[in-house]
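Here is how the chains run, residue by residue.
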Amino acid sequence: MQRRDVGLAVAAVLVAGLCVAAGIWQLNRLAARRARNGVLAARLALPPLQLQGGGDISADSARQRRVLARGIYDFSAERTWPGRSFEGTPGVALVTPLRIPGGSSVLVDRGWVPSPDAFHVDHTLYREPPPDTVTITGIARIPPRGRGDVEVAGFLPFVIQLETPSPARGLPRRWPPPAFDNGPHLSYAVQWFSFALIALVGTAVLIRRGR
């Protein structure tokens with residue numbers, strides 16, 4: 001075997017090794033995602049947390065749990081969660097405090113509404129009739145920290161994302177339920193393993209033709 005062929009073979013083995021390592025990494029990410037999905041699905045299957053009487057509930061105990069709350073919306077203190085697009089359309093999420101009997105308050109993500117600049121919106125267009133008390137159900141979300149995110153200071157340490165149907169006029173539009181899919185990791189792993197095979201077989205063909 002010529003020196004050039006040896007160099008090509010070594011390079012092919014190195015490239016194939018890197019591709020195999022990348023494929024294994026994707027398989028590990030797939031396993032981690034499936035484990036995470038299993039944990040989240042199990043938490044959603046638990047009985048809903050009851051917030052009618054207020055009380056302190058930690059973020060960890062509420063995370064990704066269904067929550068049932070009863071109280072009064074404070075539309076005067078409503079805020080927006082900017083930069084929340086829906087199916088490619090810019091908009092915001094309407095986040096409204098819910099005053100719970102007993103002194104506690106929790107932020108409720110009532111859903112998405114369109115906004116051309118994904119920041120400003122006329123809140124009066126989406127206020128619901130103010131009954132004495134409302135009962136809501138939703139999923140407890142822990143908002144990420146960073147610029148433009150919802151601050152939960154002064155409220156229970158999570159945001160309730162409503163699951164109840166959207167209003168008759170369609171807005172605010174409720175967010176879709178969480179999807180427990182496997183993501184693209186398996187297809188990526190197959191691609192990386194294919195690249196490794198192509199590198200080895202292709203180099204072998206080149207060496208054979210060179211002879």
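All of these numbers come straight from a predicted model, not from anything done at the bench.

Trainee: How would you explain the overall build of the protein if you had to name every residue and give the values?
Mentor: When its secondary structure is counted, the protein shows three helices and seven strands. Scaling as 2.2 N^0.38, a compact globule of 211 residues should have a C-alpha radius of gyration of about 17 Å, whereas the protein reaches 26 Å, well beyond that. Based on the C-alpha atoms only, the size of the protein along its principal axes is roughly 85 × 40 × 30 Å. Looking at the protein as a whole, 36% of its 211 residues qualify as buried. The long-range share in the protein, meaning contacts at least 24 apart out of those at least 6 apart in sequence, stands at 65%. Put simply, the protein shows about 12,300 Å² of open surface, and 61% of that area lies on carbon and sulfur atoms. Positive and negative side-chain charges in the protein, numbering 25 and 15 respectively, have mean positions lying 13 Å apart.

Trainee: Outline the pattern of salt bridges, supporting the account with residue identities and numerical values.
Mentor: Taken as a whole, this structure holds six salt bridges when the rule is applied. When the shortest N-O distance is used, the salt bridge between Arg-33 and Asp-181 registers 3.1 Å. In this pair, Arg-33 is assigned in helix α1 (residues 3-44) and Asp-181 in the loop between β7 (159-162) and α3 (185-210), connecting sequence segments 148 residues apart. When its relative accessible area of 27% is taken as the criterion, Arg-33 is described as partly exposed. The exposure class of Asp-181 is partly exposed, given its relative accessible area of 37%.

Trainee: Let's hear about α1: which residues, and what values?
Mentor: Its 42 residues place the ends of α1 62 Å apart at the C-alpha level, agreeing with the 62 Å of an ideal helix rising 1.5 Å per residue. All buried positions along α1 are accounted for by Asp-5, Ala-12, Ala-16, Cys-19, Ala-22, Gly-23, Gln-26, Leu-30, Asn-37, Leu-40 and Leu-44. As for α1, its buried residues are in contact with β2 (66-73), β6 (134-141) and α3.

Trainee: I'd like to hear about unusual backbone geometry, residue by residue, with values.
Mentor: The linkage connecting Leu-171 with the following residue, Pro-172, adopts the cis geometry, with an omega of -5 degrees. The phi dihedral of Gln-64 is positive, around 55 degrees, even though this residue is not glycine. Even without being glycine, Glu-87 reaches a positive phi, approximately 55 degrees. Its location among the elements puts Glu-87 in the loop between β3 (79-81) and β4 (91-99).

What counts, and at which threshold
- Residues numbered from 1 in each chain as written.
- Predicted model: local features only at pLDDT ≥ 70, side-chain atom pairs only at ≥ 80, totals over all residues.
- Heavy atoms only, no water.
- Helix = DSSP H or I, 4+ residues; strand = E, 2+ residues; numbered from the N terminus.
- Rg over C-alpha atoms; globule rule 2.2 N^0.38 Å.
- Buried < 20%, exposed > 50% of the residue type's maximum accessible area, 1.4 Å probe, protein only.
- Contact = heavy atoms within 4.5 Å.
- Areas by Shrake-Rupley, 256 points an atom, 1.4 Å probe, with all protein chains shown as cover.
- Lys, Arg positive; Asp, Glu negative; His and termini not counted.
- Charge placed at Lys NZ, Arg CZ, Asp CG, Glu CD.
- Salt bridge = Lys/Arg side-chain N within 4 Å of Asp/Glu carboxyl O.
- Expected span 1.5 Å × (residues − 1).

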